[in-house]
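Coordinate inspection notes
The lines below spell out each chain.
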Amino acid sequence: MSSLESHQEQLSQSDPSPSPNSCSSFELLDMDPGSLYEPVSPHWFYCKILDSKETWIPFNSEDSQQLEEAYGSGKDCNGRIVPTDGGRYDVHLGERTYAVYWDELASEVRRCTWFYKGDKDNKYVPYSESFSQVLEETYKLAVTLDEWKKKLESPNREIIILHNPKLMVHYQPVAGSDEWGSTPTEQGRPRTVERGVENIVEIHCGEPLQIDHLVFVVHGIGPACDLRFRSIVQCVNDFRSVSLNLLQTHFKKAQENQQIGRVEFLPVSWHSPLHSTGVDVDLQRITLPSISRLRHFTNDTILDVFFYNSPTYGQTIVDTVASEMNRIYTLFLQRNPDFKGGVSIAGHSLGSLILFDILTNQEDALGDTDSEKSSLNIAMDQGDKPTLEEELKKLQLAEFLNVFEKEKVDKEALASCTDRDLQEMGIPLGPRKKILNYFRTRKNLVGIGRPTTQSASGVNIPKESELCSNVDHTSNDTYLNVGIGQVSVKYPRLIYRPEIFFAFGPPIGMFLTVRGQKRIDPNYKFPTCKGFFNIYHPFDPVAYRIEPMIVPEVEFEPMLIPHHKCRKRMHLELREGLSRMSMDLKNNLLGSLRMAWKSFTRAPYPALQASETAEETEAEPESSSEKSSDVNTEETSVAVKEEDPPINVGMLNGGQRIDYVLQEKPIESFNEYLFALQSHLCYWESEDTVLLVLKEIYQTQGIFLDQPLQ
């Protein structure tokens, strides 16, 4: 007897037939058996490849309802396209494929009614639509006739047995060999079969239809963005999910008043276009055969940093990022014609440096009052341009003005003169060095790679042309001093003005320093972007600060990002409490020693001490307490002043702070090196990071958090 037959026999013995007096008897209850049958409610799923395994994921309730309505509309439904997942995907009902915004393999979409439990992850897997229909007809017949123990065989030779409405099992066939060949046999533990989606998987509600803001997210080096080797699409999906949850918890009042909808995050990928240029084939020819996995990882990931500093592949990366953001933005407006919100950009690791360079090399061609002219403070700018005479007076070289006027050398021509040119005009060595150093310094203070173009006189001046398309480029060198080692790259123009630039784990400060940029002008800001937030984890080995490059003479801590639960982490509060306690003990001890020393110096001899004690017995406690309190008050005020000094970090973020540091978790504080790599990849699921992004975006619209953060 097979295991299946023995299992059936045990069920028949443990589940005797109902007696005539039982409540389940249709004859006594005078009920129609068919009235007990209720049609199953279908739900739509799509298939994703996660961890090299097919995983079926349910659509949210609103999307599933829309798909079901389109499916039931008739035969013409095959040509219909239903947008799902907030409009990021399209479901073609005829082809049953899952189309996407970005390049991604199409996924199967299925109308599901029957499921069986998987073997390893215990997740339910839907049967095919055709076999689910067979199961449903068999179930209906069993309920109507009250005849169970129905046995079915699926197209994959799998066995499904319907014992009763609450017990339905699925047997996976295992090939067994005999003298006639291989035959399927039922072995192993039976799997549970469920009808309908209720109680087997959590179905989420749909996303708000209203989109308030659009954020493009650019990834860093390599095709994977976290320790689970997930793509930028999957990581941005997590970032978006966290933002939706935080909107419900921290902007609840605004949502109830229908003031806000949601923020849309869209990924921008440049790794695949870069490595599809044939560079991988070229690298493979010169790669050593030893430690092949490590070398493949190096070629596919770490070399992206070197590619960006290459004149050929750096241009490819910049063009890909800018053109992709322009393309997606145009497509987004086509799919959301009622969108009136703003656009921001975010970059992780090397992606933040790419966006920084692109923003630096934009041109303000829209004529806003807060344009680049008022912020750069460049001597050669077209606004408040000082004359040559004023420049020479600053250098205390006004006596050479006649020489330059005689040679018809204006300020722009003087800026392009070499040491030999000045020597031929009869300028002594000392003044020559002053002039050359002055104009060289002015170029370095322009910013960080201001786009320039060659004028007729040969001097680099800011170019002010109309807004170009996404394929046009500004004719400039990437950095004003190409001789420092930075390659020449032409930057495309963005077709929109980003409101805020968020950098996650950015190496921007390090790259600027390596390029020879020692300081950023406090008056400098991006030509087309008003906000800039440098966000990093304290243990991130790739991240660097920006504010010390603007204010190098002042040492101060970065802004601590508030905890999303409106409090500081416990270990940080304990650390601060112990620090304050030690400071108070130190102040009290110093005050006591100071008072003891004063009393000792006032009465150095015992005779004088005895006489003075009698005279000042009543006045001493009051005066000493007053002096002690004065000392403590002065020290406390000084400490407060030291904690909160006035800091001016320039205009790169509109006068606001730029560097923002996350609070490390308690377990991370035990060993900084152990969590270093994880810290660089933690931003995708960090509630504190997402909440800071949402707070800054909605703050520009006059919408604030329900509860202030600490």
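Residues numbered from 1 in each chain as written. Predicted model: local features only at pLDDT ≥ 70, side-chain atom pairs only at ≥ 80, totals over all residues. Heavy atoms only, no water.

Below, the discussion takes up the overall build of the protein chain. Assigned secondary structure in the protein chain consists of 24 helices and 23 strands. Considering only intrachain contacts with a sequence separation of at least 6, the fraction spanning at least 24 residues in the protein chain is 70%. Accessible surface computed for the protein chain: about 38700 Å², of which carbon and sulfur atoms make up 53%. (Helix = DSSP H or I, 4+ residues; strand = E, 2+ residues; numbered from the N terminus. Contact = heavy atoms within 4.5 Å. Areas by Shrake-Rupley, 256 points an atom, 1.4 Å probe, with all protein chains shown as cover.)

A few words now on the pairing of strand E16 (residues 262-268). For E16, the buried fraction is high: 7 of the 7 residues fall into the buried class. Covered by surrounding structure in E16 are Arg 262, Glu 264, Leu 266 and Val 268 together with Val 263, Phe 265 and Pro 267, the residues of both alternating faces. In this sheet, E16 lies alongside strand E15 (residues 211-218) in parallel orientation, the contact comprising 7 bridges. Opposite Val 218, over in E16, you have Val 268 as the bridge partner. (Buried < 20%, exposed > 50% of the residue type's maximum accessible area, 1.4 Å probe, protein only. Pairing = 2+ DSSP bridges.)

Here 7 strands make up an open sheet; going across it, the order is E16-E15-E17-E20-E21-E23-E22 and the pairing parallel. Of all strands in the sheet, those with a lone pairing partner are E16 and strand E22 (559-560), marking the two edges. Where E22 and strand E23 (residues 659-661) come together, 2 bridges link them in parallel fashion. In the strand pairing of E23, Leu 560 is matched with Val 661. Sheet contacts for helix H10 (residues 311-335): E15, E16 and strand E17 (342-348); angle to E16, the most-contacted strand, approximately 140°. (Axes fitted to C-alpha atoms, helices over the stretch in contact; angles between N-to-C directions.)

How two aromatic rings sit relative to each other is set out by the distance from centre to centre and by the angle between their planes. In the structure shown here, the tally under the stated rule is 29 aromatic pairs. Relative to Tyr 98, the ring of Phe 59 has its centre 5.6 Å away and its plane inclined at 75°; by these criteria the two rings are edge-to-face. Of the two residues, Phe 59 is situated in the loop between strand E2 (53-58) and helix H3 (61-71) and Tyr 98 in strand E5 (residues 97-100); the sequence distance between them amounts to 39 residues. Just as Phe 59 is buried, Tyr 98 falls in that class too. Ring geometry for Tyr 524 and Phe 526: centres 6.4 Å apart, planes at 80°, overall edge-to-face. (Phe/Tyr/Trp six-rings, centres within 6.5 Å; stacked < 30°, edge-to-face > 60°.)

Here we take up the confidence of the model for the protein chain. Detailed reading of the predicted coordinates is not advisable wherever pLDDT falls low. Looking at the protein chain as a whole, the pLDDT averages 77, with 72% of positions reaching at least 70. Of all helices and strands in the protein chain, the one with the weakest mean pLDDT is strand E19 (residues 460-462) (33), whereas strand E20 (residues 500-504) scores best (98). Segment residues 444-485 is flagged for pLDDT under 50; beyond a separation of four residues in sequence, or across chains, it makes 112 contacts in the model. Across residues 633-643 the pLDDT falls below 50, and counting only partners more than four positions away or on other chains, this stretch makes 2 contacts in the model. (pLDDT = per-residue confidence, 0-100.)

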